[in-house]
Amino acid sequence: MPNSIHITDDELKKSAVSYRKDLLIMPVLSANDTLQHMTPRAGVAGREVLGQLSGGIELGPYDPSRYDDEDLEAKPRVLETFLGSVIKRFDPNSVAKSVYGSLMTQGEDLKSVDIAQQVLYYLSAKLGQGLNKAIWSAKRNDSGTKTADLFNGFDTITANEITAQTIKASEGNFVQLSEAINETNATDILMSIYEQADDNLRAVPSKMYLPFDIYTAYNRDYLSTFGGVAYNREFKKTYLEGTNNLCELVPLASKKGSKFIHLSTKGNMVYGYGDGMADEKVAIEKHHEFLLSYVATMYFGCQFESVSKERLLVAKLSA
């Protein structure tokens with residue numbers, strides 16, 4: 001790699017202005033390992049009301065004098081995004097050389113690449129690693145300094161809903177597991193969780209969000225249980241057995257250490273971000289002889305659209 005790679009402060013500042021919106025979206029895109037299984041809500045700065053209508057309407061035998069006056073009930077839920085910030089000092093040319101090496105590994109020609117732009121994309125993408133890791137476990141802490149302090153993750157929201165008793169067994173959206181999941185019982189337990197879900201949830205494509213260790217236990221248990229069955233042609237299982245390929249198994253690194261398995265639909269798992277709103281920014285500033293500062297502010301948060309049994313089932317792992 002040539003030692004002559006050099007980018008100026010002005011080049012980085014110009015790229016920060018030119019690609020501002022792309023750079024602000026980049027952290028969300030780089031958290032795609034987890035967020036691809038959820039539903040985005042762009043342009044949310046602060047609080048936005050979500051919700052689900054309940055109630056019904058039915059045809060009956062013809063009667064011109066009959067009216068259906070049953071109320072439609074809205075159960076509002078609030079998606080709240082929080083404005084986060086970061087100031088990161090860095091050596092621009094060290095980062096540029098690292099990015100250049102990566103591009104060359106991928107066979108790209110330096111002449112066709114805006115290195116200043118790629119350096120800023122690289123830094124913005126790094127922010128997404130924190131979002132990906134914290135999406136379940138984050139807990140809002142106004143005085144915190146990390147991504148895990150920025151917003152309330154899905155596990156934190158779940159714990160709060162359990163405390164509020166909006167998620168509980170009598171509501172049909174909660175299961176307490178009585179034994180730990182291992183390589184001898186994972187198949188039975190995961191199938192049992194699914195079988196306890198409401199019929200409306202079982203009738204549509206859904207996702208079971210779980211830690212990798214539980215997914216590995218399921219694969220090994222499945223192999224020992226169904227290893228000789230003709231249709232068992234692969235070790236890695238994408239869909240839960242017995243669900244007619246309606247329930248996708250979604251193992252996530254961000255679920256490590258979680259106390260919960262979530263069964264829901266992609267549409268019910270909502271995350272919000274600013275999408276380049278006015279008070280979001282990305283800039284390059286210089287306050288040091290040799291180092292530059294990457295300065296960014298952006299919104300992020302998540303929420304269940306509904307916690308009703310038709311949309312969600314939470315299984316709490318055995319202690």
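Structure shown above.
Draft legend 1. Representation of the overall build of the chain in the model. Looking only at helices and strands, the chain has 9 helices and 12 strands in total. The 319 residues of the chain split such that 44% are buried. For the chain, the proportion of contacts with a sequence separation of at least 24, taken over those separated by at least 6, is 75%. Here the chain has roughly 17200 Å² of accessible surface; of this, 50% comes from carbon and sulfur atoms.

Draft legend 2. Inspection of the side chain of Asn268 at higher detail. As for its position among the elements, Asn268 is in the loop between β8 (260–264) and β9 (269–273). For Asn268, the residues in contact, after removing those within four places along its chain, are Gln303, Phe304, Glu305, Ser306, Arg311 and Leu312.

Draft legend 3. Looking closely at the pattern of salt bridges. Applying the stated criterion across every chain, the model contains 12 salt bridges. The closest approach of N and O atoms between Lys286 and Asp9, which form a salt bridge, is 3.4 Å. Taken together, the residues Lys286 in the loop between β10 (281–285) and β11 (292–304) and Asp9 in helix α1 (residues 9–18) connect sequence positions 277 residues apart. Looking at Asp9, the relative accessible area reads 23%, which means it is partly exposed. Two residues, Glu48 and Arg41, come together in a salt bridge whose shortest N-O distance is 2.8 Å.

Draft legend 4. Spatial organisation of unusual backbone geometry. Within the chain, Asn244 stands out as a residue other than glycine whose phi angle is a positive 55°. Residue placement: Asn244 occurs in the loop between α9 (212–226) and β7 (247–252).

Draft legend 5. Representation of the environment of Arg47. As for its placement among the helices and strands, Arg47 is situated in strand β2 (residues 47–54). Residue class for Arg47 comes out exposed when judged on its relative accessible area of 59%. Residues Arg47 and Thr81, spaced 34 residues apart in sequence, show a C-alpha to C-alpha distance of 6.4 Å. For Arg47, the residues in contact, after removing those within four places along its chain, are Val78, Leu79 and Glu80. There is a polar contact of 3.4 Å between the side chain of Arg47 and the side chain of Glu80.

Draft legend 6. Structural view of the sheet that holds strand β5 (residues 174–176). Read from one edge to the other, the open sheet built from 5 strands follows the order β5-β12-β8-β6-β7, with strand pairing classed as mixed. Each having just a single partner strand, β5 and β7 make up the two edges of the open sheet. With direction set aside, neighbouring strand axes in the sheet form an average angle of 20°. Judged from the 6 bridges that link them, strand β6 (residues 206–211) and β7 form a sheet pairing that is parallel.

Cut-offs used in this document
Residues numbered from 1 in each chain as written. Predicted model: local features only at pLDDT ≥ 70, side-chain atom pairs only at ≥ 80, totals over all residues. Heavy atoms only, no water. Helix = DSSP H or I, 4+ residues; strand = E, 2+ residues; numbered from the N terminus. Buried < 20%, exposed > 50% of the residue type's maximum accessible area, 1.4 Å probe, protein only. Contact = heavy atoms within 4.5 Å. Areas by Shrake-Rupley, 256 points an atom, 1.4 Å probe, with all protein chains shown as cover. Salt bridge = Lys/Arg side-chain N within 4 Å of Asp/Glu carboxyl O. Polar contact = N/O pair within 3.5 Å; in protein donor to acceptor, adjacent residues only side chain to side chain. Pairing = 2+ DSSP bridges. Axes fitted to C-alpha atoms, helices over the stretch in contact; angles between N-to-C directions.

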